[in-house]
Structure formats: structure tokens, C-alpha cells
Amino acid sequence: MKNLKSLLLIAVFTLGLAGVANAQKIGHIDFEKLVAEMPQTKTLKLDMEKLGKTYQDEITGMEKKIEATRQKYVAESKGQTNETNDTRAQELQQEAAKIEQARRFAYQDMQKKQNEGLQPIIEKAQTAIDAVAASKGVVYVLDASVGKGLLVKKGEDLFNDVKAKLGF
């Protein structure tokens with residue numbers, strides 16, 4: 001009976017140590033905040049603002065031109081035939097359609113360039129997270145920015161270590 005108790009005690013103790021040895025180390029990071037604070041993201045934001053201003057200036061120039069043409073046509077309309085006025089109205093509609101098309105193109109182009117610019121930034125951040133997690137023995141890294149749904153932050157916060165790894 002004494003041997004059975006000792007054997008049972010040893011089994012419980014061994015299983016307890018095995019459970020501790022198998023415990024997975026967990027970390028967390030606010031990925032959205034990390035990417036937002038990266039210097040490359042700030043550079044991309046400035047580039048996108050410049051591109052947006054360029055497109056806005058072009059569209060504003062087109063709008064001013066069509067408005068000047070419209071005012072000219074309105075002033076001359078009484079001295080023109082109905083056919084000429086109808087042709088001019090169609091011309092103005094076509095110019096307005098070109099402006100709308102330019103707006104759509106600008107929006108799509110900016111979205112495309114932003115996505116293309118963010119992709120390498122995200123990859124760089126992910127690589128740094130992977131490296132820091134591996135160096136600290138962290139098996140799982142949770143994203144603290146996803147819906148701010150991280151209720152218990154008992155794992156290790158990797159944010160400052162990843163910032164240091166990225167050099168900012």
C-alpha cells in the first residue's frame with residue numbers, strides 16, 4: 001500500500017511537470033499600432049497625400065475650365081442656333097463625364113498604390129514579430145488590435161521589442 005501511494009505520488013508529480021513543460025508561451029502585440037508607427041508607413045502617408053493633392057489639383061483645373069466654357073456658352077447662347085446650343089450642352093456633359101472618370105481613376109490609383117506600399121511594410125513587421133517571438137520562445141502571438149478583443153493580457157507584450165528590432 002505504501003508503494004502504491006509512492007508510485008501514485010510520483011505519477012502525479014511527473015504528470016504535473018510534463019504539463020508545465022508543455023505549457024505554451026503566449027505573447028501579444030498591437031499590430032495596427034506597430035504598422036502605423038513604422039517610419040515607412042509615415043513616408044507612405046506623405047507620398048499618398050502628395051499624390052492626392054496632385055490629382056485634386058488636376059481635377060480642380062478641369063472643373064475651372066469647364067465652368068469657364070459653360071459661362072461662355074451661356075453668355076453666347078442667345079446669339080446661337082438651337083443646334084449649336086444643343087451641341088455645346090452635349091460637349092459640357094462629355095467634359096463633366098471626363099471629370100467624373102478622372103475622379104474614379106484617381107481614387108482607384110490611390111487605393112492601388114496604398115495597397116502596394118503597405119504590403120512590404122506589413123511583411124517587414126511580420127518578419128520582425130516572428131524573429132522576436134522565436135528569440136523569446138513565444139509560440140503564439142495574439143493581435144491585440146483586432147477589435148480590441150484581447151480581454152486578458154497575461155502573455156508577454158512584444159510591442160517594444162519588435163519596435164527595437166525594426167530600429168525605431
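Note that this is a predicted model, so its numbers are computed, not measured.

S.K.: Give me the overall build of the chain: which residues, what numbers.
M.R.: Helix and strand counts for the chain stand at 5 helices and 3 strands. When its helices and strands are written in sequence order, the chain yields α-β-α-α-α-β-β-α. Per-residue burial for the chain yields a buried fraction of 21% across its 168 residues. Of the roughly 12300 Å² of accessible surface on the chain, 57% is carried by carbon and sulfur atoms.

S.K.: Quick rundown of the pairing of strand S1 (residues 26-29)? Include the residues and the values.
M.R.: Judged from the 4 bridges that link them, S1 and strand S2 (residues 140-143) form a sheet pairing that is parallel. When the bridges of S2 are listed, Gly-27 appears paired with Val-141. Bridge analysis of S1 against strand S3 (residues 156-157) gives 2 bridges, and the strand direction is parallel. What sits directly across from Gly-27, in S3, is Glu-156.

S.K.: So what's going on with the packing of aromatic side chains? Residues and values would help.
M.R.: Going through the model one piece at a time under the given rule, you end up with 1 aromatic pair. Taking the centre distance of 6.2 Å and the plane angle of 85° together, the rings of Tyr-55 and Phe-105 count as edge-to-face. Taken together, the residues Tyr-55 in helix H3 (residues 39-76) and Phe-105 in helix H4 (residues 82-136) connect sequence positions 50 residues apart.

S.K.: Summarise the confidence of the model for the chain; cite the residues concerned and give the values.
M.R.: The predicted model of the chain averages 85 in pLDDT, with 81% of residues at 70 or higher. Long-range and interchain partners of residues 4-9, a stretch whose pLDDT sits below 50, account for 0 contacts in this model, where long-range means more than four residues apart. This model gives residues 15-22 a pLDDT under 50, and the stretch forms 0 contacts once residues within four places in sequence are excluded.

S.K.: Residue-level account of the side chain of Arg-88, with values.
M.R.: Mapped onto the elements, Arg-88 comes out in helix H4. For Arg-88, a relative accessible area of 16% translates into the label buried. Among the polar contacts made by the side chain of Arg-88, one reaches the side chain of Glu-76 at a distance of 2.8 Å. The contact partners of Arg-88, leaving out residues within four places of it in the chain, are Tyr-73, Glu-76 and Gln-80.

S.K.: Talk me through the packing of H4 against helix H5 (residues 159-166); I want residue IDs and the actual numbers.
M.R.: For the pair H4 and H5, interaxial distance at closest approach is 9 Å and the crossing angle is 115°. Between H4 and H5 the crossing geometry is right-handed. For the pair formed by H4 and H5, the contact residues are Lys-124, Ala-125, Ala-128, Ile-129, Ala-131, Val-132 and Lys-136 on the first element and Asp-161, Val-162, Lys-165 and Leu-166 on the second. Classifying every residue of the contact of H4 with H5 gives 7 nonpolar, no polar and 4 charged.

Procedures and definitions
- Residues numbered from 1 in each chain as written.
- Predicted model: local features only at pLDDT ≥ 70, side-chain atom pairs only at ≥ 80, totals over all residues.
- Heavy atoms only, no water.
- Helix = DSSP H or I, 4+ residues; strand = E, 2+ residues; numbered from the N terminus.
- Buried < 20%, exposed > 50% of the residue type's maximum accessible area, 1.4 Å probe, protein only.
- Areas by Shrake-Rupley, 256 points an atom, 1.4 Å probe, with all protein chains shown as cover.
- Pairing = 2+ DSSP bridges.
- Phe/Tyr/Trp six-rings, centres within 6.5 Å; stacked < 30°, edge-to-face > 60°.
- pLDDT = per-residue confidence, 0-100.
- Contact = heavy atoms within 4.5 Å.
- Polar contact = N/O pair within 3.5 Å; in protein donor to acceptor, adjacent residues only side chain to side chain.
- Axes fitted to C-alpha atoms, helices over the stretch in contact; angles between N-to-C directions.
- Left-handed = near helix turned anticlockwise from the far one by under 90°.
- Nonpolar A, V, L, I, M, F, W, Y, C, P; charged D, E, K, R; others polar.

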